[in-house]
Amino acid sequence: MTAPTIDRARPYMAALADQLTAAGATRSRRWDDAFSSVPRHLFVPRWYEQETTERGIAVWRERQAITDADLTAVYRDQTLVTALDPATAEQVDDTAWTGIPTSSSTLPSLMAGMLEDLAVEDGMRVLEIGTGTGYNAALLSCRLGEHLVYSVDVDPALVETARQRLAEAGHVPQLAVGDGSHGHPAECTFDRIIATCSVPALPAAWLGQSGPGTVVLTDVDLGVEGGLVRLTVDNQGRALGRFTGTSGRFMAARTDAAGYAPPQRTERAPAVETRRTTVTAADLRANYPFRLLLAFHLPGAQLVYHVDDAGTMALQLQRADGSWARAPLTADGPATVTYGGDPGLWREVEAAWRWWTHAGRPAQDQFAYVLEADGRVHVRHIPDGARWDLPARA
Ligand SMILES: C[S@@+](CC[C@H](N)C(=O)[O-])C[C@H]1O[C@@H](n2cnc3c(N)ncnc32)[C@H](O)[C@@H]1O
């Protein structure tokens, strides 16, 4: 069976563009035009959908864009996973694998919102970190012209495929293979930088390829949580801005094209006690801005799901020194926490919760993010100036 032509996909392209405008993700005619004229199925001819097999295994089932139903699926407002880490991917049957995703075509409404937030103007040169399928590079090429679009991905196979598909769609932007933390090999500066993978802090190379007024839009991963920041570079080489109103997150930038490094195993401290607490796992799960605030309080900590031998599901906060604190997700009666190692770990959660609720539960866009020219980073609650220093950029 052959892939659908662009003409056949046009009604689907128009419907997606209309949906993005109706949802307020696209807010201008120029981006609406781009979403109506770039064929997503050309960049995502096949993808993986999550499914649970009869044996209860969560797998990625391959699907291809062939029929009208497939076109409906490609032009949904959904993230479509397009590559799995070969080190973790295991074939389960003819069309299903397990494994960690290493590339995807981003949720269109998130992409549209970010492209609008980028506030590009005609003639601006844009760098994208994370070429992936090439769909976003095509949208940028459509809006600005391919000569102003630069994109880099760490995975050479993805870049080669994106290059072919972009050419098929009539665009030849400047693609490169490499770790986007080092910027783009082209020797130029950019008016706008947009990253579709997350970084722990703004890499120095991005500032090196910026000038005064360059806007950088990226997901910063702060451990417990992270978020999208929109920063403007000033004439002293600082990048200042705030977390955007969007809570979308991206897969982490990796240094190895082959996949993610396996997580480091840390020996956990023995349990000390179970005690009553004022903060529940449900509070943590339901309040994205609070998790972000907690990441400011506890740099380097992680928040993970934990299932014990009895099958009880909990949220576990953990740190590289072996300290941990666990709050059950299904709890009857008073809220409790069980911890091992530093008792101060969960006390930080309780202190952050008191601060957040006392401050009126501020959303993430009430926090500024500042990267100084010397690499120091801090975040600030804009209304009252409360400040948290984050680890300086390496
Ligand atoms: C969410 S996908 C990008 C989606 C893409 N913009 C599109 O329109 O299809 C994230 C991409 O970031 C890439 N990536 C991961 N680490 C990277 C790095 N250090 N430098 C550049 N790209 C990286 C991945 O290979 C993946 O293709």
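Residues numbered from 1 in each chain as written. Predicted model: local features only at pLDDT ≥ 70, side-chain atom pairs only at ≥ 80, totals over all residues.

1. Focus on the environment of Glu168
Stated formally: Here a helix means four or more residues in a row that DSSP labels H or I, a strand means two or more in a row labelled E, and each is numbered from the N terminus.
For Glu168, the location among the structural elements is in helix 7 (residues 156–168). Along the sequence, Glu168 and Arg76 sit 92 residues apart, while their C-alpha atoms lie 22 Å from each other.

2. Observations concerning helix 7
Worth spelling out the cut-off: Given a helix with a known number of residues, its expected span is that number minus one, times 1.5 Å. Exposed residues have 12 or fewer other C-beta atoms within 10 Å of their own C-beta, buried residues have 20 or more, and partly exposed residues fall in between, where C-beta atoms are placed from the backbone. Our arc is simply the arc of the directions from the helix axis toward the C-beta atoms. Contacts are defined on C-beta atoms placed from the backbone: any two residues whose C-beta positions lie within 7 Å are in contact.
For helix 7, built from 13 residues, the straight-helix expectation of 18 Å at 1.5 Å per residue is met to within 8% by its first-to-last C-alpha distance of 19 Å. Turning to helix 7, its buried residues number three or more, namely Leu158, Val159, Thr161, Ala162, Arg165 and Leu166. The buried residues of helix 7 occupy one face: seen down the axis, they fall within an arc of 165°. In helix 7, those exposed residues whose orientation departs by more than 90 degrees from the buried face are Pro156, Ala157, Gln164 and Ala167. For helix 7, the elements touching its buried residues are helix 3 (40–43), strand 3 (80–84), strand 6 (101–105), helix 6 (135–144), strand 8 (149–153) and strand 9 (174–177). The first or second residue beyond helix 7 is Gly170, which carries a positive phi of 90°.

3. Remarks on the packing of helix 2 (residues 29–37) against helix 6
Note the threshold: Axes here refer to lines fitted to C-alpha atoms; in helices the fit is confined to the stretch in contact. Angles between the N-to-C directions go from 0 to 180 degrees. Each angle gets one of four labels, with under 35 degrees taken as roughly parallel, over 145 as roughly antiparallel, 65 to 115 as roughly perpendicular, and the rest as oblique. For any pair of crossing helices, the crossing counts as left-handed if the nearer helix is rotated counterclockwise from the farther one by less than a right angle, and right-handed if it is rotated clockwise. Under the convention adopted here, Pro, Cys and the residues Ala, Val, Leu, Ile, Met, Phe, Trp and Tyr are nonpolar, Asp, Glu, Lys and Arg are charged, and Gly plus all remaining residues are polar.
Helix 6 packs onto helix 2 with a crossing angle of 130° between their chain directions and a minimal axis gap of 9 Å. Classed by the angle they form, the pair helix 2 and helix 6 counts as oblique. The two elements helix 2 and helix 6 cross, and the hand of that crossing is right-handed. Contact with helix 2, carried on its side by Arg30, Trp31, Ala34, Phe35 and Ser37, involves Leu139, Cys142 and Arg143 of helix 6 and no other residues of that element. Of the residues in the contact of helix 2 with helix 6, the class split is 5 nonpolar, 1 polar and 2 charged.

4. Brief notes about the domain arrangement of the protein
Short version of the rule: Those domain boundaries reflect an automatic or database domain assignment.
Splitting the protein by domain gives domain 1 (1–262 + 367–394) and domain 2 (271–358). Computed over C-alpha atoms, the centres of domain 1 and domain 2 are 31 Å apart. Contacts between the two partners involve 11 residues from domain 1 and, on the opposite side, 13 residues from domain 2. Among the elements of the structure, strand 12 (226–233) and strand 21 (387–390) are those that each provide at least two residues to the side of domain 1 that touches domain 2.

5. Concerning unusual backbone geometry
Within the chain, Ala119 stands out as a residue other than glycine whose phi angle is a positive 50°. Here Ala119 is to be found in the loop between helix 5 (108–118) and strand 7 (126–129). Taking the C-beta count within 10 Å as the criterion, Ala119 has 13 such neighbours and is therefore assigned partly exposed. Backbone geometry places Arg361, a non-glycine residue, at a positive phi of 55°.

6. Points about the site of the ligand
The test is simple: Each residue gets a C-beta atom placed from its backbone. Should that atom fall within 6 Å of a molecule or strand, the residue is termed near it.
Near the ligand you find 25 residues, and of these Ser103, Gly130, Gly132, Asn136 and Gly180 are the closest. Contributing elements (two or more residues each) for the shell around the ligand: strand 6, helix 6, strand 8 and strand 10 (190–199). Per-element accounting of the shell around the ligand gives the leading share, 4 residues, to strand 6. Per-class residue counts for the shell around the ligand are 9 nonpolar, 12 polar and 4 charged.

7. Some details on the sheet that holds strand 16 (residues 313–318)
The line we're drawing: At least two bridges found by DSSP between two strands are what make those strands a pair.
Within the open sheet, the 5 strands sit side by side as 14-18-17-16-15. Their pairing is antiparallel. Each edge of the open sheet carries a strand with a single partner, namely strand 14 (271–276) and strand 15 (302–307). The mean inter-strand angle of the sheet, taken between neighbouring strand axes irrespective of direction, is 25°. Bridge count for strand 16 against strand 17 (residues 324–328) is 5 bridges, and the pairing is antiparallel.

8. Some points on the packing of helix 1 (residues 6–22) against helix 2
It is the contact of helix 1 with helix 2, at a shortest axis distance of 7 Å, that shows an interaxial angle of 150°. Considered as vectors, helix 1 and helix 2 are oriented roughly antiparallel to each other. Relative to helix 2, helix 1 is oriented so that their crossing is right-handed. Residues Met13, Ala14, Leu16, Ala17, Leu20 and Thr21 of helix 1 lie in contact with helix 2, whose contacting residues are Asp32, Phe35 and Ser36. Looking at the contact of helix 1 with helix 2 residue by residue, the class counts come to 6 nonpolar, 2 polar and 1 charged.

9. Some points on the sheet that holds strand 21
The 10 strands lie next to each other as 9-8-7-10-11-12-13-19-20-21, forming an open sheet whose pairing is mixed. The sheet is open, and its two borders are formed by strand 9 and strand 21, each paired with just one other strand. Here the average twist between neighbouring strands, direction ignored, is 20°. Pairing between strand 12 and strand 13 (residues 239–243): 5 bridges, direction antiparallel. Bridge pairing in strand 13 links Leu231 to Gly241.

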